[in-house]
There are 4 protein chains.
Amino acid sequence: MSLEMPPAHPFDDDKLREECGVFGVIGVTDAANFVALGLHALQHRGQEAGGIVCHHPEHGFNSARRFGYVRDNFTKQSLMETLPGPLAIGHVRYSTAGSKGAAIRDVQPFFGEFAMGGAAIAHNGNITNADALRRELIERGSIFQSSSDSECIIHLMARSLQRTIPERMEDALRRVEGAFSVVAMTRTKLIGVRDPLGVRPLVLGKIADGYVLSSETCALDIIGAQFVREVEPGEMVVITEKKGVESHYPFRPAKSRFCIFEHVYFSRPDSIIGGRSVYETRHQIGVELARETPVEADLVCPVPDSGTPAAIGFSHESGIPYAMGIIRNQYMGRTFIEPTEQIRNMGVRLKLNVNRALIEGKRVILVDDSVVRGTTSRKIKDMILDAGAKEVHFRIASPPTAWPCFYGVDTPNREKLLAATMSEEEMREHLNVDSLKFISLDGLYRAVGEAQGRSPSCPQYCDACFSGEYPVAPTDMINKGFELKAAE
Amino acid sequence: MSLEMPPAHPFDDDKLREECGVFGVIGVTDAANFVALGLHALQHRGQEAGGIVCHHPEHGFNSARRFGYVRDNFTKQSLMETLPGPLAIGHVRYSTAGSKGAAIRDVQPFFGEFAMGGAAIAHNGNITNADALRRELIERGSIFQSSSDSECIIHLMARSLQRTIPERMEDALRRVEGAFSVVAMTRTKLIGVRDPLGVRPLVLGKIADGYVLSSETCALDIIGAQFVREVEPGEMVVITEKKGVESHYPFRPAKSRFCIFEHVYFSRPDSIIGGRSVYETRHQIGVELARETPVEADLVCPVPDSGTPAAIGFSHESGIPYAMGIIRNQYMGRTFIEPTEQIRNMGVRLKLNVNRALIEGKRVILVDDSVVRGTTSRKIKDMILDAGAKEVHFRIASPPTAWPCFYGVDTPNREKLLAATMSEEEMREHLNVDSLKFISLDGLYRAVGEAQGRSPSCPQYCDACFSGEYPVAPTDMINKGFELKAAE
Amino acid sequence: MSLEMPPAHPFDDDKLREECGVFGVIGVTDAANFVALGLHALQHRGQEAGGIVCHHPEHGFNSARRFGYVRDNFTKQSLMETLPGPLAIGHVRYSTAGSKGAAIRDVQPFFGEFAMGGAAIAHNGNITNADALRRELIERGSIFQSSSDSECIIHLMARSLQRTIPERMEDALRRVEGAFSVVAMTRTKLIGVRDPLGVRPLVLGKIADGYVLSSETCALDIIGAQFVREVEPGEMVVITEKKGVESHYPFRPAKSRFCIFEHVYFSRPDSIIGGRSVYETRHQIGVELARETPVEADLVCPVPDSGTPAAIGFSHESGIPYAMGIIRNQYMGRTFIEPTEQIRNMGVRLKLNVNRALIEGKRVILVDDSVVRGTTSRKIKDMILDAGAKEVHFRIASPPTAWPCFYGVDTPNREKLLAATMSEEEMREHLNVDSLKFISLDGLYRAVGEAQGRSPSCPQYCDACFSGEYPVAPTDMINKGFELKAAE
Amino acid sequence: MSLEMPPAHPFDDDKLREECGVFGVIGVTDAANFVALGLHALQHRGQEAGGIVCHHPEHGFNSARRFGYVRDNFTKQSLMETLPGPLAIGHVRYSTAGSKGAAIRDVQPFFGEFAMGGAAIAHNGNITNADALRRELIERGSIFQSSSDSECIIHLMARSLQRTIPERMEDALRRVEGAFSVVAMTRTKLIGVRDPLGVRPLVLGKIADGYVLSSETCALDIIGAQFVREVEPGEMVVITEKKGVESHYPFRPAKSRFCIFEHVYFSRPDSIIGGRSVYETRHQIGVELARETPVEADLVCPVPDSGTPAAIGFSHESGIPYAMGIIRNQYMGRTFIEPTEQIRNMGVRLKLNVNRALIEGKRVILVDDSVVRGTTSRKIKDMILDAGAKEVHFRIASPPTAWPCFYGVDTPNREKLLAATMSEEEMREHLNVDSLKFISLDGLYRAVGEAQGRSPSCPQYCDACFSGEYPVAPTDMINKGFELKAAE
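This one's a predicted model, so the numbers in the text were calculated from it and none came from an experiment.

A. Spotlight on the relation of the copies chain A and chain B. Of the transformation placing chain A onto chain B, the axial shift is 0.0 Å and the rotation is 180 degrees, giving an RMSD of 0.0 Å. Classification of the inter-copy transformation places it as that of a two-fold axis. Proximity to the rotation axis, assessed at the C-alpha, singles out A:Ser142 in chain A; its C-alpha lies 3.0 Å from the axis.

If you want it as structure tokens, here you go:
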């Protein structure tokens, strides 16, 4: 059941997209204000919509869910006044490519009233057996209100025979397959859980007498919270104002497989993952890339903004001067509502312009984070050549993206992925550039700190989008006919 | 869990309020357009919000729910285009006085996905055992999305063991106590049900090859449909494009108890109930009132607009000239958003003005439909006296409203009802008018066509608001401590 | 230069329309609040847009101008707070049929900064030599900001050689031809002027220590002001907090010619004109109409709402029962924004419904205030016959409208006026009713209190729309080719 | 007369602000679409509001003016359809600090109807004798509609005795003192003028058979137009579809004094001024700055985004690694509407975050474009130190800003400028950093290509904000008591 669709992108963004960010806080005055700030800092993880649920001893649970940016909705006094209390969680989301529209009822956190009281949950990741679970739950009499896979969790909780909400959540999450970092709340508890492989991030912070859960550390910074530690793969933390943080491990132990693409693109450069600045990791990717794929040129230019740290690293390693050959229009927002034909056709030009006087007659290395469909790469190359560049060399800060992600990232169907159907040389010809090189998978592992590169028998990260090796079987997709990579 | 509250009335309307109107149509092109028109004609039954669900063979179920008038929301091309298909139902509602706010999720129709397909239902009435049902359903694992009593029906349906949706609905409605006229739909069926007592209205109409269900006949007129018959108390009609109307009687038979207040105030004067024009019934109430409570005066003036037909009848019977002594500002809408103090204090003056030159020095009979809290009556009396009237005589077209309604009407708590705590003479003193008279209960019954008046042993109508005799025990309210009238 | 057009009427309203209402107040706290209330009471004189200008000793002049109803714009605390001070004027308007669109810059009051300070003016009426004045002013270097004829006044004031603003206004208005009731203000003065013939109304009221100017008395009532007197034709009142009301007569004396249609339709029934209730005058028109055009019938029904008082009078005089055979949907607002085709085609049905059970088999007299294009009359007749009426007799509370108004009323071009091209019998055939009768011009004069009827040599009112006798030559229109009625 | 104020910045941006950008196009289909794109590219020159006027042979002049970003207003089909024709001009603006509010009537282009037809003008710059001109014009009977200094031009044109609009514009501009780049249009002509000193930029471009005028070349790029040449100081170009570009020189010749701050900050880095990329100039400023003010450190970090090119240049020259130590939140928009207290207090944190892991323990050089009030610099320094930096060295890509600009740039009053009241060492202490150094005025001149530095006797640029030497006497300001720098 679809309702109003938010307007589409005027140009093909041609990026993988993180689908969600989660944030929660307990033990502060007006927790929803902190959640709003946290979600603003996590906006890059989901720009379509946001929601906040909070609880106040007197006023009970309250919530607000809105399409659009956090900063346009959750900053207004008039709205925030309706969200009182010392405990709140929130969610930003980007809808999946497959869904035909978007309804406000799909916007998390989801809320459920149980016999022992209410609970709200917000979910980053993707449940790979959601279709099967939903079918089973409907047969048993559950009424779904959204098209979101995450709603399964709340119905599984409703049907659990356990006594407390955290126990019911454990019960529910044990039925769930896939990747999930969950932030949840009851009237008195803030709860965080990561799936056994820890595919998606979740960190714990401290602020005054309260605690914070967040997808990334950059959202701790904005509210002045201290980073404590990452929630561990397979861990559930239950936080109360009285007892502080309690830790449980409800799942069967497993070797962790953190998403390596969080390093490449999803996370913000000022976040810290595994003790390392994401910015520095990306800088190091550029260094590795320069070592692996050297080329003679006059300038190293980033494709703004995500290619910037790798381009700086590439320049540093290669000695070729770094320059901003492409300028981003900072007033370019997300979407247009009912644009004219002419606006729609402008595409990438509305967002980027070539620094013509700089580029003219030069051999230019363009550093980008990834190639997905390749459509934007072509347009950028055209702009650079129109501006009079002598040579264009693409250097990509990730290996070829040849497989879709089923763990909470919006990827096109496999046949739309350029690297799924073309070799590197075919891609170069398709883009019509002088050279096109990707960092190797081992190079990427080195850049994230694995000096020996990737362990083929037991990879340290989830790299399914590059390798096709899925650490959790994508049940629903297989049922729909998706073919896994043939064993070699 | 409350969300944005729609703004409050700037003045005390001091009326009982019907809480809902329902409408459905099958077998026409763009059914949602017809539903929008029908709901516009039923707007007096619920001004706060409206919703439409429709089904199209290709596009499946779609819905839209909005706060505000039908005419401001469901007329726009851009919205109505998202609601295709030959089958649709809709609902307008007014929220109960007791609820602290309103969320779009409380706006009907409610939708549920069952194993055998989706269904939507819209409900006019009130379920008197909803609290008990909700508690039971939550304990069994149902997740409620709204604070509406009507949502129980969809969850009861989800848990029914019957095979078809109409059978599940029968199953669900047999568990439900209270008053209900339900319009529902599946992918191929339009369904209408009235509770065994037939407290709330529901009529069947025909339009070209299609069928219509509506709370009142006035909504058939607007779309050019023909009135076929009333859905009978205790009847379920299941309408398909192929087989037309099929009739079932799933409930234990009972003697009908239609709400007599529909005649007095709720229904539109151009609707037909039981073969009689509502306008004529009200005219006749005025006639009975003139007979029962004659008084010498110069003018008979209605309190606009609901007192008008009775005032005309009163004038007709008494021979005292009818005149519009109070003029209604036709640009007065429902509410103000964040009004200034001064606007808020204007109260009834924003809506009504006395025709000063007409009233001055005159003995005026004011005919109103009812006295609830008495607050507006006092203000009107003040305005009339300020304008120089010599005498003010109130004549009320219904008996004293001394008991709350639990069958789908918004009434204040009993202690707020003027007639619950005061005798007629005390009320006259309170309002400080020269005389105040109500029609008798027997007089009212005569006016609606019962020549012998009310049958004390077996009243022909539900008149609980006047008599305190509740035809269905208000279970939830009794559990909350409401005291029934002592047996005499 | 046109800007955003407000949306069009979904059905042909088929009425003459007053184009403006004016209101001003001095000597009260937060004068703009009073002006907002006054304009709300005058909304029937102009529904398209409204504006307020106010002055505060510290904050200077402030203004707000908005499309839409007063009640939707000028009630909000946040807006009204920006309009402080003890002196304010306001305006509601309906745009002329001829203009292709509407711009907020056309919304009055107009403001001008002169060497001796600022002034704002609001104008009800029409300047019949505006085109000529505008051409002359542009040639001398004035920059017009609107397409409104009223802006001429402010430019003429700017170029006057007089020393004070009231003197400059006198200067300016002496150059102006046509009908005008002007409310204006400086930093310390509230000013009211009526043209020498007094075609449009303007009344003076008193509230506490302050004064009020208003188009009608109903707007005095809403703020609790006392009616003092009408501003006289050709009079200018200059009101200051210190000196109170000073009266001037800047124009050459003339015999007054008040617009008789104000009695028939424009003014609100609860206003008082010339010491008589407008309601009573309309009632009396119905009485005269019944005397002049009797007919046998079962019911007298008004066309709501404007035909109501005349219908009551007709019933009173004829003894035929009065009944509400046509019911008006009170939720029908002004316009639809981008409506669907189907909504657009519903026309009058969205607004009116026939009381079928009442009408069936009856001989019905329909009393309406006027026939302009006749389009609505036809639709209403169709509805009445569809509902089964046996006979339909139209009785019209004004003489045939055969000539356009050039004094501030929106009339169609002459060829669109039914009465300009057809005889009464042709109109009856065109409408296809059993009889159609208009009140005579003498009958109308009698109803407004001229016992001898109309004086042919020296008519007491402006009745150009009926008689074709224009008391002020419509200069601009004659220049555009309009042909006056041939002298007999 | 003020109207609705757009909401204030939540944090002190602490930047000089260009007040306007202008754009015009002739000889293309739907010129307004091109203007919208051009204004989008010029949005950095004025974010508060934008306006477009266009002309179509049949539909005449049309216009739209809106608060907010171009991309949120002038992309919608529904609006752009109201702006037809082959000729259009537009304007983006930022209101001056001094004005207390903003009204849509202050938004340019301004339009005037003259005896020989209509004309619209858009103005970038500031008229330094506007107060005197306005007073004179009002005395002669002109009615001003805005508080904008630019409106003087249209009134001077209206009163000119010349026959054609271009001649009237020459006449008007000869009366005007100050800095102005004007884009104007009649029904058939696109006109561009620069003041004799050429303080503000204006360039001419070509697109297919049409012509373009724009504040900067980056706006030519977005519509695919070719750069032809800069409009020369003191030149008026009159462009028609038939005759193409005609050039006039209506002013007394003068030595050009282009605003040097356009190079430092105002213009976009991808624009070309005087044949040089602005980006390269800023890079070169960084190089000069590194030469003039060397310091030992670990990292060179830009203050995003405007300090970036200079930081890259500084890194390049000094050999100290360039790194993004401060990350900008790309979802940070311009303003908040009615924000909560907490949001308001977040200030710069909502926009910037320190890359903590990168900065910790490092000696950091921060390169910023300018220091105005110093408030933001302090906050950034605090953030850097909080993140654990060992040393903080500020390097500023412009000389100390010690004097306000009166030529179209929004500067605080002189006493608010940090450099007006403190020496460099006092500023360092005030900011509490390890070192603070500004580029010298000669260094800046070298960076913009003047190998010999600044000519003291005859400076090549307008550098009044640094030097206090105003090339045009600021008449109005002097009348208000502003004291020029004492002659040395």
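B. Representation of the interface of chain A and chain D within the structure. Of the residues lining the interface, 60 residues belong to chain A; the matching set on chain D comes to 60 residues. Of the roughly 5300 Å² buried at the junction of chain A and chain D (both faces included), carbon and sulfur atoms supply 57%. Contact with chain D buries area across many residues of chain A, yet A:Arg71, A:Tyr331 and A:Gln342 alone supply 14% of it, more than any other trio. Across the salt bridge formed by D:Asp221 and A:Arg356, the nearest N and O atoms sit 3.9 Å from each other. The tally of links from chain A across to chain D stands at 16 residue pairs in polar contact (both at pLDDT 80 or more). Its residues assigned to classes, the side of chain A that touches chain D comprises 28 nonpolar, 19 polar and 13 charged.

C. Expanded view of unusual backbone geometry. Residue C:Pro109 is bonded to the preceding C:Gln108 through a cis peptide linkage, with omega at 0 degrees. The linkage connecting D:Pro304 with the following residue, D:Asp305, adopts the cis geometry, with an omega of -15 degrees. Locating D:Asp305 in the fold gives a position in the loop between β18 (299-302) and α10 (308-318). Unlike most non-glycine residues, B:Asn432 shows phi in positive territory, near 60 degrees. Position of B:Asn432 relative to the elements: it lies in the loop between α15 (424-431) and β24 (435-438).

D. Inspection of the pattern of salt bridges at higher detail. All names here are of chain A. Under the counting rule described, the total for this entry stands at 96 salt bridges over all chains. A salt bridge links Lys480 to Asp131, with the shortest nitrogen-to-oxygen separation between them at 3.2 Å. In this pair, Lys480 is assigned in the segment after α18 (475-479) and Asp131 in helix α4 (residues 130-139), connecting sequence segments 349 residues apart. You can call Lys480 exposed: its relative accessible area is 61%.

Scoring rules and cut-offs
Residues numbered from 1 in each chain as written. Chains lettered and ligands numbered in written order. Predicted model: local features only at pLDDT ≥ 70, side-chain atom pairs only at ≥ 80, totals over all residues. Heavy atoms only, no water. Least-squares fit on C-alpha atoms with pLDDT ≥ 70 in both. Contact = heavy atoms within 4.5 Å. Buried area = accessible area lost by both parts, 1.4 Å probe. Salt bridge = Lys/Arg side-chain N within 4 Å of Asp/Glu carboxyl O. Polar contact = N/O pair within 3.5 Å; in protein donor to acceptor, adjacent residues only side chain to side chain. Nonpolar A, V, L, I, M, F, W, Y, C, P; charged D, E, K, R; others polar. Helix = DSSP H or I, 4+ residues; strand = E, 2+ residues; numbered from the N terminus. Buried < 20%, exposed > 50% of the residue type's maximum accessible area, 1.4 Å probe, protein only.

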